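Architecture at a glance
What follows is the residue order along each chain.
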There are 2 protein chains.
Amino acid sequence: MEIGIVGLGLIGGSLGLDLCDRGHTVLGISRSPDTCTQAVLRGAVHQASSDMALLAEAAVIFICTPLGVMPQTVAALIPHLSQDTILTDVGSVKTFVVKAIEPLWPHFVGGHPMSGTEFTGIQAAQRQLFVGNPYVLTPTAATSSRSLEQVRSLVYELGSQLYVCTPEQHDRAVAWISHLPTMISATLIQACLSEPDPETRALAQSLASSGFRDTSRVGGGNPQLGRMMAQFNQAEVLRSLYRYRDQLHSTISALEASQWSELETQFQHNQAERPRFLKEKPRDG
Amino acid sequence: MEIGIVGLGLIGGSLGLDLCDRGHTVLGISRSPDTCTQAVLRGAVHQASSDMALLAEAAVIFICTPLGVMPQTVAALIPHLSQDTILTDVGSVKTFVVKAIEPLWPHFVGGHPMSGTEFTGIQAAQRQLFVGNPYVLTPTAATSSRSLEQVRSLVYELGSQLYVCTPEQHDRAVAWISHLPTMISATLIQACLSEPDPETRALAQSLASSGFRDTSRVGGGNPQLGRMMAQFNQAEVLRSLYRYRDQLHSTISALEASQWSELETQFQHNQAERPRFLKEKPRDG
């Protein structure tokens, strides 16, 4: 099958590597001539160009540009497409993307491969990035079964675990387990930096260890990504933050009231329930 | 030197292994005859007993029982001690311990080896657990230089990085980088479990990945440890939680007001500052 990839970063490049390995003809688009050259050299695409006309015959095209520019990317792409081409995207927020792209093109399926590393760019692309990790597809009433089946079969070829839900269900779920952790982890770093005494702050920095490291990791990560989660999933991130704030007030009240056994019972519950969020999950993603 | 260890768990046992290796005579106390047998078999102590009279000739004794029972442990030990014996403890909160033990015995130095694993008990004891990790000593005006020097030299023998500060400075610093992360991480698990729709909760559990795993790790850990941090460092943990709550309100306000570039600037600041808390830190601790 002839497959197009627009945006040759970590996700676009990794998709290309695996789809080439599966025997597809992969055509890549990047604004940067250097990235085009690199993508071909790395074997992530068979051909690459800055000219979207390269994708005139593609059966399926993955939109892998940053979330905020996806609608513009699709608008620029449309004049070059044959009328049956199926589009899908890899954005980490779905309602915004689906609402923006669906009116532009009849054959579109929103998607979110939940794989990643801390690195970005075509240099970071790797084979088998998606194996065993969740890949969410978010069809709507407007999605044809042909489009869904086509993208679904490619997801299976990547070795991902497929989940199908609405864009809204996706955004609410990822707010809990991805966007909220990022916000509260960022807030932890800010709180530690708010310590007014420089000596205490320096001692805290010296003594910090794996507990601080793990809890602050996602909040100290890519600033553009953090901003995009908040901006494009604003309502759901706020909803999770409000519930988090309520729970924080409960935690504070328990400490103020010296309710030690209630607190320990709560911690026991947390310890018992946390594995439900971790079952058979690989390290990346 | 003849060294006593009261409480032969992960920390007590690991101290024993290293101090035996350094050529000291190590005598262990545990209430459990099984633990005594195991500690001797593992080479963590030369002799072990449930009878504190074993420590009559010890020059230095490490108190390694749980935080809440340390004062009782010392009270029970005192009738057996020779008058020059130096006591030190390994508790993760210092003001409470120092205030309770200092009036009981003139030769006492509070201590906190910041090493640990997720496991507990003598089976989990390991050599070199303290190498390269912070070891905090918290002398007061009442601490003799003889006591401090003696414990300090043993900390150097363990290969730890020594920090010396007041009990209050210690408790304020560890509230930031250990106790606060535990509380906000626990609160994350509680917030996710508060999602009222079971289908959304199930989807969130399926999609959760490394971001959730790392941010929830310390909050889903040992419930007794979480309770003890809160109970014995109550004032400092509350102080850090109040500042965290203020920062959380700022984060929420920024989202409510759609202040995306301000948010991104804050995330850039977090990303730039976080490494100060991580510099040259080993994985454990």
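What counts as what
Residues numbered from 1 in each chain as written. Chains lettered and ligands numbered in written order. Predicted model: local features only at pLDDT ≥ 70, side-chain atom pairs only at ≥ 80, totals over all residues. Heavy atoms only, no water. Contact = heavy atoms within 4.5 Å. Buried area = accessible area lost by both parts, 1.4 Å probe. Salt bridge = Lys/Arg side-chain N within 4 Å of Asp/Glu carboxyl O. Polar contact = N/O pair within 3.5 Å; in protein donor to acceptor, adjacent residues only side chain to side chain. Helix = DSSP H or I, 4+ residues; strand = E, 2+ residues; numbered from the N terminus. Nonpolar A, V, L, I, M, F, W, Y, C, P; charged D, E, K, R; others polar. Pairing = 2+ DSSP bridges. Axes fitted to C-alpha atoms, helices over the stretch in contact; angles between N-to-C directions. Domains from an automatic or database assignment. Least-squares fit on C-alpha atoms with pLDDT ≥ 70 in both. Core = buried A, V, L, I, M, F, W, Y, C linked by side-chain atoms within 4.5 Å. Buried < 20%, exposed > 50% of the residue type's maximum accessible area, 1.4 Å probe, protein only. Right-handed = clockwise from strand over helix to strand, strands pointing away. Parallel < 35°, antiparallel > 145°, perpendicular 65-115°, else oblique. Left-handed = near helix turned anticlockwise from the far one by under 90°.

1. Structural notes on the interface of chain B and chain A
Taken together, the contacts link 93 residues of chain B with 93 residues of chain A. Regarding the contact of chain B and chain A, the summed buried area is about 9400 Å², with carbon and sulfur atoms giving 64% of it. Counting across the interface, chain B meets chain A through six salt bridges. When the shortest N-O distance is used, the salt bridge between R227 of chain B and E264 of chain A registers 2.8 Å. Here chain B and chain A share 35 residue pairs in polar contact (both at pLDDT 80 or more) between them. If you list the elements that add at least two residues to the side of chain B that touches chain A, you get β7 (134–138), α6 (167–193), α7 (198–207), α8 (210–216), α9 (223–232), α10 (234–256) and α11 (260–273) of chain B. For the side of chain B that touches chain A, the element with the most residues is α6 of chain B, which contributes 20 residues. The residue inventory of the side of chain B that touches chain A, partitioned by class, reads 42 nonpolar, 33 polar and 18 charged.

2. Quick notes on the sheet that holds strand β3 (residues 47–49) of chain B
Residues and elements named next belong to chain B. The eight strands lie next to each other as β3-β2-β1-β4-β5-β6-β7-β8, forming an open sheet whose pairing is mixed. The sheet is open, and its two edges are formed by β3 and β8 (161–164), each paired on a single side. Direction aside, neighbouring strands of the sheet carry axes that sit 25 degrees apart on average. Here five bridges tie strand β1 (residues 2–6) to strand β2 (residues 25–29), and the two strands are oriented parallel to one another. Of the residues in β2, the one forming a bridge with I3 is V26.

3. Notes on the domain arrangement of chain A
Residues and elements named next belong to chain A. Under the domain assignment used here, chain A contains domain 1 (2–165) and domain 2 (169–277). If you look at the interface, domain 1 gives 13 residues, while domain 2 gives 10 residues. For the domain 1 and domain 2 pair, buried surface summed over both sides reaches about 900 Å², with 72% attributable to carbon and sulfur atoms. Linking domain 1 with domain 2 are zero salt bridges, by the criterion used here. Between domain 1 and domain 2 we count three residue pairs in polar contact (both at pLDDT 80 or more) in total. Taken together, the elements giving at least two residues each to the side of domain 1 that touches domain 2 come down to α4 (95–101) and β7 (134–138).

4. As for the relation of the copies chain B and chain A
When chain B is fitted onto chain A, the two copies agree to an RMSD of 0.0 Å after a turn of 180 degrees and an axial shift of 0.0 Å. Within this description, the copies of the chain are treated as partners about a two-fold rotation axis. Residue T215 of chain B of chain B places its C-alpha closer to the rotation axis than any other residue of that unit, at 2.2 Å. A high fraction, 100%, of the interface residues of chain B reappear at the interface in chain A, so the copies pair face to face through one surface.

5. Structural notes on the nonpolar core
Core analysis: the biggest nonpolar cluster contains 71 residues, and I177, F212, Y244 and L255 of chain A together with I177, Y244 and L255 of chain B have the highest contact counts within it. With near-sequence residues (within four places) excluded, L255 of chain B lies in contact with M183, A230, Q234, V237, L238 and L241 of chain A together with W260 and L263 of chain B.

6. Quick word on the pairing of strand β2 (residues 25–29) of chain A
Counting buried positions over the five residues of β2 of chain A gives four, a clear majority of the element. Between the parallel pair strand β1 (residues 2–6) of chain A and β2 of chain A, the chain is carried across by helix α1 (residues 10–21) of chain A, and the sense of this crossover is right-handed.

7. So, the packing of helix α6 (residues 167–193) of chain A against α7 of chain B
In the contact formed by α6 of chain A and α7 of chain B, the axes pass within 8 Å of each other and the chain directions differ by 60 degrees. The orientation of α6 of chain A with respect to α7 of chain B, classified from their angle, is oblique. Judged by the twist between their axes, the crossing of α6 of chain A over α7 of chain B is right-handed. Contact residues: α6 of chain A offers Q169, H170, R172, A173, V174, W176 and I177 of chain A, while α7 of chain B offers E199, T200, L203, A204 and L207 of chain B. Across the contact of α6 of chain A with α7 of chain B, the residue classes tally to seven nonpolar, three polar and two charged.

8. Section: the packing of α6 of chain A against α10 of chain B
Closest axis-to-axis distance for the α6 of chain A/α10 of chain B pair is 9 Å, and the angle between their directions is 130 degrees. The orientation of α6 of chain A with respect to α10 of chain B, classified from their angle, is oblique. Here α6 of chain A runs over α10 of chain B; the crossing is right-handed. For the pair α6 of chain A and α10 of chain B, contact is made by M183, I184, T187, L188, Q190 and A191 of chain A and by R243, Y244, Q247, L248, T251 and L255 of chain B, respectively. The residue inventory of the contact of α6 of chain A with α10 of chain B, partitioned by class, reads seven nonpolar, four polar and one charged.

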